[in-house]
Every structure is written in C-alpha cells, then in structure tokens.
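# Overview (structure and organization)
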Amino acid sequence: MGCLKSIIKIIILILAAIGFKTIGGVDFINKYIDLDSIFKKPSQEKLQEKAAKIADLSEINQEYTIKKNINILGVKAILTEHNATGQKFIIANDPNEKLLKKEDFQTQEIDEKIKNLAQKIQYQFIRLEDVKIIQRGSIFVFGQSVPYVKFSADAVNLPISDIQGIIGATQVDGKTKIIISLNEGKKYSQIISQEFFKDVR
C-alpha cells in the first residue's frame, strides 16, 4: 500500500512538471508575476515616489537613505536613516490629528501627550518607558519653523537601552505632519536632524 502511494505521488509530480512546462514554465511566471518586486528591495526612486504622498524627499542629501513606508496607529509614515550614524527619521501624514497637532506644542500638556503616545505605540512600533521631556525648540522643515520637544526614554524592545530624539508637528496644506528623529542616547545629533529636515519639502 505504501509503495502505491509513492508511485501516485511520483505520477502527480511528473504531471505537474509537464503542466508547468506546457504553460510556459519560468517564462510564464516572469510574464505575469514581477518576482523582482517581491524579492528585491525597492529602489530609492520608487521609495521617493511613495514618500511624495507624505513629504517631498527628492532634495535630501545622499547621506540619508529612505528605508520604507510604515504605518503607526493607522497613520502613514516614511522611515529614513542617516547612513553613517543610524539616526532614524520619521515623517507622518496625520490628517485627522490622531497622534499630535501643532497646537499641542504651545502648551505644557505636550509632556503628557508624548507620554500617552509612547503608551499607544508600545506594542506596534517601539516600546518606550520613562519618557522625559528635556528641551523645547523649533526646527526648519517644510519651509517653516516647526515646534518640537526633545525627549529621552528607555527602549525596552530594542538592542539599545536608551534613546534620545525630537518630535514635532505642523500644518502643511491643511494637513498635520509629524516629524520624529531619534537615535541611541549618546549618538543622537541635533545637527544631523537639522541637516535632514531642512531639505524636506
């Protein structure tokens, strides 16, 4: 009985191979399925096209690489990285102001809102604990001065234990844009953030 099952399996495999060859084999797959788009990383040009729905990154320096499109609590965003230091940049399009809005940065309530945001995203993106606001300021992005807060936090689900960064928000064409820059605590550089964001349109 076991021998009969093996013979039937072999016959099925032979018929499948003949059928695959009959419809065109690998050429058929290549014609109807773009395997490169499945297995290869998208080019910077393709990523820039997708990023254009959120921000124009066509002028950023070659020191920065667009990594991927991400989704934070239903908000579309683009992730970019500084090649030499690994500093990360996130620009999010938040038209319904689910996360933050520019006006939040004009009150003391922003400290609590940032901590609440860290709680909301902890199981989706990055888990932060002991979030502290250490500075307030503004940075030039989207052709305007954008308010931000600088924060430090303990990263629980990353190989690094502490991070520093900035988070800000502004209005562009009636839509709220959120900017984030972060890195390992001692490696965070405000100069690298300024250099990146000044070229974002």
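See above for the structure.
Here's what I pulled together on the structure shown here. (Residues numbered from 1 in each chain as written. Predicted model: local features only at pLDDT ≥ 70, side-chain atom pairs only at ≥ 80, totals over all residues. Heavy atoms only, no water.)

### Some details on the nonpolar core
Generally speaking, nonpolar side chains in soluble globular proteins are found buried as a group. Judged by nonpolar contacts, the single largest core of 27 residues is most densely connected at Leu-100, Ile-167 and Ile-178. Residue assignment for this core shows that the elements contributing at least two residues are strand E1 (64-72), strand E2 (75-82), strand E3 (88-93), helix H5 (110-121), strand E4 (128-141), strand E5 (144-155), strand E6 (162-172) and strand E7 (175-184). Take this core: its biggest share by element is five residues, from H5. Not counting residues up to four positions away in its chain, the partners in contact with Ile-167 are Leu-100, Phe-105, Ile-114, Leu-117, Pro-147, Tyr-148, Val-149, Phe-151, Ile-178, Ile-179 and Ile-180. Grouped together as the second largest cluster of nonpolar side chains are 24 residues, Ile-66, Phe-142, Tyr-148 and Ile-192 included. (Core = buried A, V, L, I, M, F, W, Y, C linked by side-chain atoms within 4.5 Å. Buried < 20%, exposed > 50% of the residue type's maximum accessible area, 1.4 Å probe, protein only. Helix = DSSP H or I, 4+ residues; strand = E, 2+ residues; numbered from the N terminus. Contact = heavy atoms within 4.5 Å.)

### Quick notes on unusual backbone geometry
Although it is not a glycine, Asp-130 adopts a positive phi angle of roughly 55°. Note that Asp-130 resides in strand E4.

### Section: the sheet that holds E3
Taken together, the seven strands give an open sheet; going across it, the order is E1-E2-E3-E7-E6-E5-E4, and neighbouring strands pair in antiparallel fashion. The sheet is open, and its two edges are formed by E1 and E4, each paired on a single side. Each strand of the sheet is rotated relative to its neighbour by a mean of 20°, with strand direction disregarded. Bridge analysis of E1 against E2 gives eight bridges, and the strand direction is antiparallel. Directly across from Thr-65, in E2, lies its bridge partner Glu-81. Along the sheet face, helix H4 (residues 44-51) touches E1 and E2 and points at about 45° away from the line of E1. (Pairing = 2+ DSSP bridges. Axes fitted to C-alpha atoms, helices over the stretch in contact; angles between N-to-C directions.)

### Regarding a nonpolar patch on the surface
A contiguous nonpolar surface patch, about 560 Å² in accessible area, is contributed by Ile-7, Ile-10, Ile-11, Ile-14, Leu-15 and Ile-18. Its place among the elements puts Ile-7 in helix H1 (residues 2-22). (Patch = residues over 30% accessible without salt bridge, like charges linked within 9 Å, V, L, I, M, F, W, Y side chains within 5 Å. Areas by Shrake-Rupley, 256 points an atom, 1.4 Å probe, with all protein chains shown as cover. Salt bridge = Lys/Arg side-chain N within 4 Å of Asp/Glu carboxyl O.)

### A closer look at the environment of Ile-139
Relative to the helices and strands, Ile-139 is located in strand E4. Among the residues examined, Ile-139 registers a relative accessible area of 4% and is labelled buried. In the structure, Ile-139 is positioned 59 residues away from Lys-198 in sequence and 8.1 Å away in space, judged by C-alpha atoms. Ile-139 has contacts with Gln-144, Ser-145, Val-146, Tyr-148, Ile-166, Ile-179, Gln-190, Ser-193, Gln-194 and Phe-197, leaving out every residue within four places of it along the chain.

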